[in-house]
4 protein chains.
Amino acid sequence: MKILLTAFDPFGGHSTNPALEAVNRVRSQSDGIEIIKKMVPTVFGDSIQAAAAEIDAARPDAVLCVGLAGGSSALCLERVAINIDDALIPDNQGNQPIDRPIVPGGPAAIFSTLPIKAMVQAIQQAGLPAQVSNSAGTFVCNHLMYGVLHHIQSQRLKIRAGFMHVPCTPEQTIHQPERPSMSLANITLGIEAAVAAIAAHETDILLTGGALY
Amino acid sequence: MKILLTAFDPFGGHSTNPALEAVNRVRSQSDGIEIIKKMVPTVFGDSIQAAAAEIDAARPDAVLCVGLAGGSSALCLERVAINIDDALIPDNQGNQPIDRPIVPGGPAAIFSTLPIKAMVQAIQQAGLPAQVSNSAGTFVCNHLMYGVLHHIQSQRLKIRAGFMHVPCTPEQTIHQPERPSMSLANITLGIEAAVAAIAAHETDILLTGGALY
Amino acid sequence: MKILLTAFDPFGGHSTNPALEAVNRVRSQSDGIEIIKKMVPTVFGDSIQAAAAEIDAARPDAVLCVGLAGGSSALCLERVAINIDDALIPDNQGNQPIDRPIVPGGPAAIFSTLPIKAMVQAIQQAGLPAQVSNSAGTFVCNHLMYGVLHHIQSQRLKIRAGFMHVPCTPEQTIHQPERPSMSLANITLGIEAAVAAIAAHETDILLTGGALY
Amino acid sequence: MKILLTAFDPFGGHSTNPALEAVNRVRSQSDGIEIIKKMVPTVFGDSIQAAAAEIDAARPDAVLCVGLAGGSSALCLERVAINIDDALIPDNQGNQPIDRPIVPGGPAAIFSTLPIKAMVQAIQQAGLPAQVSNSAGTFVCNHLMYGVLHHIQSQRLKIRAGFMHVPCTPEQTIHQPERPSMSLANITLGIEAAVAAIAAHETDILLTGGALY
């Protein structure tokens with residue numbers, strides 16, 4: 001079982017970002033799961049290309065893209081990506097698309113193909129707050145999620161994919177005491193629990209003789 | 001330098017509470033600071049008596065009472081305790097005083113004598129969000145803070161004292177994903193940083209030949 | 001210009017709901033706009049049928065469905081409805097679908113066809129907070145929005161449609177002082193501003209010789 | 001029965017403020033209650049002097065100071081004022097005191113002498129969210145509340161006094177849709193309900209032959 005984790009490069013001049021740091025800390029091999037990690041640029045278009053190239057090269061069984069959701073207190077498993085870019089701020093290359101489809105003519109939305117409720121439960125059993133989220137926003141996170149799912153769908157690849165939003169770390173909220181946060185250690189633990197749930201789900205399907213798709 | 005940390009016993013039928021667990025994890029001896037720990041009952045009256053008895057027996061240089069503030073995302077250093085009990089829920093013995101003075105005839109409020117802004121800064125330098133809070137509520141936390149400060153004041157003891165509120169742990173918010181939390185490891189780290197700031201402040205005063213009071 | 005407003009019947013044993021009350025207060029005729037109002041049941045399936053029947057009978061130029069979003073402080077113009085029912089609580093007839101498509105085989109999502117950004121701006125110009133929302137949830141509000149848009153799309157009707165979420169009224173938050181609210185008068189004003197923006201948008205399109213679809 | 005309402009002048013370059021506007025809209029005479037209104041400067045020191053001068057000149061039976069609490073969703077009746085100024089931003093004359101007592105040698109705090117729980121109940125019965133607050137902050141609102149209560153206390157005047165915080169109006173939150181607000185009409189209604197509760201309380205005391213103090 002091979003799982004690809006993606007994380008965005010540092011955004012807006014920061015030297016790092018917690019989603020990237022957490023992905024880097026995830027154990028690369030555990031319980032028969034091989035983890036591949038790929039940093040993608042926080043840029044409309046390029047992020048999808050980088051992830052798609054890695055998918056095509058590495059042929060993972062599943063893809064979990066990870067991004068930061070400032071203001072969130074729990075780990076959020078995204079249910080759906082919508083076919084629109086609507087940026088309140090520019091990306092790392094200064095692009096700020098407004099109400100523009102990600103894939104012209106593409107479906108209005110694509111649902112996550114990861115077992116999001118099993119992932120929520122696994123994270124909760126690891127002692128951390130988690131929930132299903134019904135919107136990944138309209139910035140690069142939703143963009144990447146849509147793009148990856150659309151790539152997999154249009155190439156008819158047998159790969160599950162989805163997106164997980166993580167809270168700020170305490171370091172990021174030092175001077176914003178009203179903002180919720182989660183420690184890097186716990187974000188990492190949550191990603192590992194999510195990955196284990198993805199793997200367990202695939203194994204269940206194989207054991208019960210069910211078809212993956 | 002001897003510092004007394006107090007924490008409340010588990011509340012409302014729970015088997016533990018994170019403030020107590022964190023206090024228990026604080027290293028008992030470090031950098032010339034001796035830490036004494038005392039669990040006090042989550043009960044109006046009894047909590048003050050237990051803390052006052054420990055203060056009289058152990059004669060610490062400073063007292064830091066620690067309690068839980070559900071809904072908080074940062075470590076909160078309380079500025080002031082007010083002379084009133086006004087409980088929305090009963091304490092661990094079923095007491096629920098409404099608009100009753102803690103010490104009849106006592107001052108309306110007593111300010112913390114701990115260096116709260118230095119403590120905030122020390123916690124921030126440890127990488128965690130912290131702030132001064134202007135209200136410790138009107139339940140047992142404010143009650144204990146007022147009672148301890150009043151005991152010290154009325155006995156003319158040369159002991160600094162104050163209160164620190166800590167967030168819920170992630171375990172407590174598993175099914176309340178909108179609630180902020182902080183890991184037990186980080187709460188512990190924050191208490192240790194606060195304790196170090198108290199000790200550094202005392203040392204500064206001694207070194208500069210200043211009087212403590 | 002004929003605009004259909006829908007509102008849900010009172011939910012969960014309450015005698016009324018603010019979205020319904022506000023819709024009832026909207027002036028029925030103004031500036032060449034004829035307003036039709038339709039109360040629909042807070043029930044999966046039935047709500048769509050009731051709205052679709054009214055659309056087929058009245059043949060409005062546009063449909064604005066209105067619903068309550070507890071916890072919201074602003075008027076929210078929904079961008080998209082997704083093809084899933086996932087109810088945390090039962091509807092008014094005890095139905096509680098979990099992860100069930102609204103229209104089996106239907107598109108994953110349908111975008112609002114109302115001019116949501118012009119509506120936001122019109123509400124702001126009326127002195128009220130408003131924003132585009134990227135999720136209408138997965139309860140009856142999203143269900144109705146999807147169902148109405150799907151009905152219009154599948155019947156190839158030349159009717160714009162969308163959904164607006166409104167905050168609780170102050171009466172509903174009397175004992176929940178931490179919850180935001182908006183007065184019934186202002187919710188009504190906001191709906192009227194939104195309706196005017198829909199009408200102005202249609203007029204613009206006609207005047208500039210543009211095609212509606 | 002004569003009741004003095006104070007409100008701060010516009011702050012930070014704004015042309016008005018909602019607390020002032022609401023106070024201006026309160027009916028000046030109703031049910032045997034004479035209302036006097038006084039605008040005070042948003043300035044440390046001067047605000048207390050202006051209010052104290054008006055109290056000495058008009059000799060009201062009660063004083064209700066009103067101020068804005070950005071971020072609040074309910075009308076908040078303050079329980080207590082503390083003897084400290086600690087300003088995060090400058091006042092209207094550029095003063096920004098840090099950790100400075102309002103009245104050197106004054107009591108650490110003074111409790112409101114208004115019937116705050118009866119006022120909360122009266123506002124709730126008027127259909128609006130209200131609560132007792134245990135902190136008026138450490139800026140000019142707490143400053144004025146403390147100063148007025150201290151003036152009355154030190155002059156041994158038979159005048160009740162206290163402070164009420166009101167939310168932002170919707171106009172103020174137009175571009176901050178996550179911020180709660182309350183309509184000017186409802187803020188005004190809430191102040192009127194609070195004033196009526198103050199008057200009813202005084203009448204009760206007189207009718208039952210009780211002493212005011």
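Below: a short report on this structure. Predicted, not measured: the structure shown is a model, and the values here were computed from it.

1. Points about the sheet that holds strand β2 (residues 29-30) of chain A
Residues and elements named next belong to chain A.
- One open sheet accounts for 7 strands, arranged β2-β3-β1-β4-β9-β5-β8; its pairing is mixed. Two strands lie at the open edges of the sheet, namely β2 and β8 (130-133), each paired on one side alone.
- Relative to strand β3 (residues 33-40), strand β1 (residues 2-8) runs parallel, the two sharing 7 bridges. By the bridge assignment for β3, K2 is matched with E34.
- Packed on one face of the sheet, helix α2 (residues 46-58) meets β1, β3 and β4 (62-68) and runs near 150° to β3.
- Strand contacts of helix α3 (residues 116-125): β4, β5 (75-78), β8 and β9 (160-166), with the helix running at about 160° to β8, the strand carrying the most contacts.

2. Things to note about the packing of aromatic side chains
- Applying the stated rule across the entire model yields 8 aromatic pairs over all chains.
- Seen from their ring centres, F44 of chain B and F139 of chain B are 5.5 Å apart, and the 85° between their planes marks the pair as edge-to-face. In this pair, F44 of chain B is assigned in the loop between β3 (33-40) and α2 (46-58) and F139 of chain B in the loop between β8 (130-133) and α4 (140-154), connecting sequence segments 95 residues apart.
- Aromatic ring contacts, followed pair by pair, group F11, F44 and F139 of chain A into a single cluster.

3. Considering the relation of the copies chain A and chain B
- Superposition record for chain A on chain B: RMSD 0.0 Å, screw rotation 180°, translation along axis 0.0 Å. In short, the pair behaves as if placed about a two-fold rotation axis. In terms of proximity to the rotation axis, the leading residue of chain A is P180 of chain A, whose C-alpha is 2.4 Å off the axis.
- An overlap of 100% is found between the interface residues of chain A and their copies at the interface of chain B, pointing to a shared contact surface.

4. Notes on empty space enclosed by the protein
- Taken as a whole and assessed by the stated rule, the structure comprises 3 cavities of 30 Å³ or more.
- A volume near 40 Å³ is recorded for the largest cavity.
- In this structure, the largest cavity is lined by N134 of chain A together with V80, I82, N134, S135, A136, G137 and N142 of chain C.
- Looking at the lining of the largest cavity residue by residue, the classes come out as 3 nonpolar, 5 polar and no charged.

5. Notes on the interface of chain D and chain C
- With 20 residues of chain D at the interface, the matching set in chain C holds 20 residues.
- In total, chain D and chain C occlude about 1,500 Å² of area from one another, counting both sides; carbon and sulfur atoms represent 51% of this.
- Connecting chain D to chain C are 0 salt bridges.
- Scanning the region where chain D abuts chain C turns up 10 residue pairs in polar contact (both at pLDDT 80 or more).
- A class-by-class count of the residues in the side of chain D that touches chain C yields 8 nonpolar, 9 polar and 3 charged.

6. Description of the relation of the copies chain D and chain C
- Each copy of the sequence occupies a distinct position, and chain D is placed on chain C by a rotation of 180° and an axial shift of 0.0 Å, giving an RMSD of 0.0 Å.
- In this assembly, 100% of the residues forming the interface of chain D have copies in chain C that are likewise at the interface, indicating an isologous arrangement.

7. Topic: the environment of A118 of chain B
Residues and elements named next belong to chain B.
- Secondary-structure assignment places A118 in helix α3 (residues 116-125).
- Overall, A118 belongs to the partly exposed group, its relative accessible area being 34%.
- With 67 residues separating them along the chain, A118 and A185 place their C-alpha atoms 21 Å apart.

8. Describing helix α1 (residues 18-25) of chain B
- Buried residues of α1 of chain B: P18, A19, L20, A22 and V23 of chain B, and no others.
- With a side-chain oxygen positioned 3.0 Å from the backbone nitrogen of A19 of chain B, the residue opening α1 of chain B is N17 of chain B.

Rules used in this analysis
Residues numbered from 1 in each chain as written. Chains lettered and ligands numbered in written order. Predicted model: local features only at pLDDT ≥ 70, side-chain atom pairs only at ≥ 80, totals over all residues. Heavy atoms only, no water. Pairing = 2+ DSSP bridges. Helix = DSSP H or I, 4+ residues; strand = E, 2+ residues; numbered from the N terminus. Contact = heavy atoms within 4.5 Å. Axes fitted to C-alpha atoms, helices over the stretch in contact; angles between N-to-C directions. Phe/Tyr/Trp six-rings, centres within 6.5 Å; stacked < 30°, edge-to-face > 60°. Least-squares fit on C-alpha atoms with pLDDT ≥ 70 in both. 1 Å grid on protein atoms, 1.4 Å probe; cavity = no way out; pocket = protein on both sides within 12 Å on 5 of 7 lines; lining within 4 Å. Points joined across faces, edges and corners; volume = space filled by probe spheres on them. Nonpolar A, V, L, I, M, F, W, Y, C, P; charged D, E, K, R; others polar. Buried area = accessible area lost by both parts, 1.4 Å probe. Salt bridge = Lys/Arg side-chain N within 4 Å of Asp/Glu carboxyl O. Polar contact = N/O pair within 3.5 Å; in protein donor to acceptor, adjacent residues only side chain to side chain. Buried < 20%, exposed > 50% of the residue type's maximum accessible area, 1.4 Å probe, protein only.

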